[in-house]
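Observations on the three-dimensional arrangement
So you can see what is in the structure, the chains are spelled out below.
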Amino acid sequence: MSGMSDQPARWTEATVYPDMWMDPDDDPRSLEGPAPDGELAVLLDCIKNYRLTLRLKCQGLDAEQLARRSVPPSTMSLLGLVRHLAEVERDWHNWITDGEPLPKLYGPRDADFDGAVAEQAVADAAFADLEREQAALDATLARHSADLGARLGREQIAVRELMVHIVDEYARHCGHADLLRECVDGRVGQ
């Protein structure tokens, strides 16, 4: 592992706004133009953009870079964040369903981070897990999107509250991803 004195040079792909991750014309997130209308559309847009931001922060890295714990003494890595968010997506789905909860994906507390090892198969599985868990939660939420105040599952959480919680969780972890990525290869940008 690199020491703190071995920091990579800072860089960005952006040429229009040097504090951005990429140029607006290349950015797949819908950050330009008017915001969507209505509470549901705004929440869905925020969720989509934060999920995509996490993927963008991981893009172009190999398994070793994804698994690198680049901000000591933190045990976080980009791969650990992907695994953590797959686990959290499953937890959220469990909150709003009435049946038996699905088991943990990776095991006991912190296994999502501890098991984030520098193997391509582990990285590929983590991204597949994240995509699957996001799709499962989205499908369940879509069935209840007509009433954002509806309370669901054993937790009796309102749809709106869960969606705001999703935005909050991804926003925090995208901030972590900014720091982790910069320390891995020097790439910066919002």
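Scroll up a little and you will see the structure.
The numbering scheme is per chain: residues are counted from 1 as the chain's sequence reads. Reporting in this predicted model follows two pLDDT cut-offs: at least 70 for local features of residues, and 80 or more for side-chain atom pairs to be given and counted; totals over whole chains, interfaces and linings ignore these cut-offs and use all residues. With hydrogens and water set aside, each side-chain value is computed from the structure's full complement of heavy atoms.

1. A word on the overall build of the protein
Quick note on the threshold: Put simply, DSSP marks the helices as runs of H or I at least four residues long and the strands as runs of E at least two long, and each gets a number from the N terminus on. As defined in this context, the radius of gyration uses C-alpha atoms, and a globule is described by 2.2 Å times the residue total to the power 0.38. Exposed residues in this analysis have more than 50% of their type's maximum accessible area, buried residues have under 20%, and partly exposed residues fall in between, with area computed by a 1.4 Å probe over protein chains only. Pairs of residues are marked as contacts when any of their non-hydrogen atoms sit within 4.5 Å. The Shrake-Rupley method, run with a 1.4 Å probe, gives the accessible areas here. Residue values count only the displayed protein chains as cover. Note that His is not counted, nor are the chain ends; the positive residues are Lys and Arg, and the negative ones are Asp and Glu. Positions of charges follow a simple convention, taking NZ of Lys, CZ of Arg, CG of Asp or CD of Glu.
The helix and strand tally for the protein stands at six helices and two strands. Across the protein, helices and strands are ordered from the amino to the carboxyl terminus as α-α-α-α-α-β-β-α. Expected size for 190 residues packed as a compact globule is a radius of gyration near 16 Å; at 18 Å, the protein falls within 12% of this value. Summarising its shape, the C-alpha atoms of the protein cover approximately 50 × 45 × 25 Å along the three principal directions. Taken over 190 residues, the protein has a buried fraction of 44%. When contacts within the protein are restricted to residue pairs at least 6 apart in sequence, long-range pairs at least 24 apart make up 71% of them. When the accessible surface of the protein is summed, it comes to about 10,000 Å², and 54% of that surface belongs to carbon and sulfur atoms. For the protein, the centre of its 20 positive side-chain charges and the centre of its 35 negative side-chain charges are spaced 3 Å apart.

2. Describing the state of the cysteines
To keep things clear, this is the line we draw: Two cysteine sulfurs form a disulfide in these notes if their separation is within 2.5 Å.
Under the criterion given, the structure shown has zero disulfides. Of the cysteine sulfurs around Cys-174, a residue in no disulfide, the closest is that of Cys-58, at 9.0 Å. Free of any disulfide, Cys-183 has its nearest cysteine sulfur in Cys-58, 14 Å distant. A relative accessible area of 28% places Cys-183 in the partly exposed class.

3. Section: the pattern of salt bridges
As a reminder, the rule being used: In the sections that follow, a salt bridge refers to a side-chain nitrogen of Lys or Arg positioned within 4 Å of a carboxyl oxygen of Asp or Glu.
Considering all chains together, one arrives at 18 salt bridges under this definition. Across the pair Glu-13 and Arg-187 runs a salt bridge whose closest N-O atoms are separated by 3.5 Å. Remark: Arg-187 occurs in the segment after α6 (159–185) and Glu-13 occurs in the segment before α1 (39–58); sequence separation between them is 174 residues. Between Arg-51 and Asp-138 there is a salt bridge, and its shortest N-O distance comes to 2.8 Å. Note that Arg-51 is positioned in helix α1 and Asp-138 in helix α5 (residues 120–142), a separation of 87 residues in sequence. By relative accessible area, which is 9% here, Arg-51 ends up buried. Several salt bridges share partner residues, and in doing so they unite Arg-90, Asp-129, Arg-132 and Glu-133 into one network.

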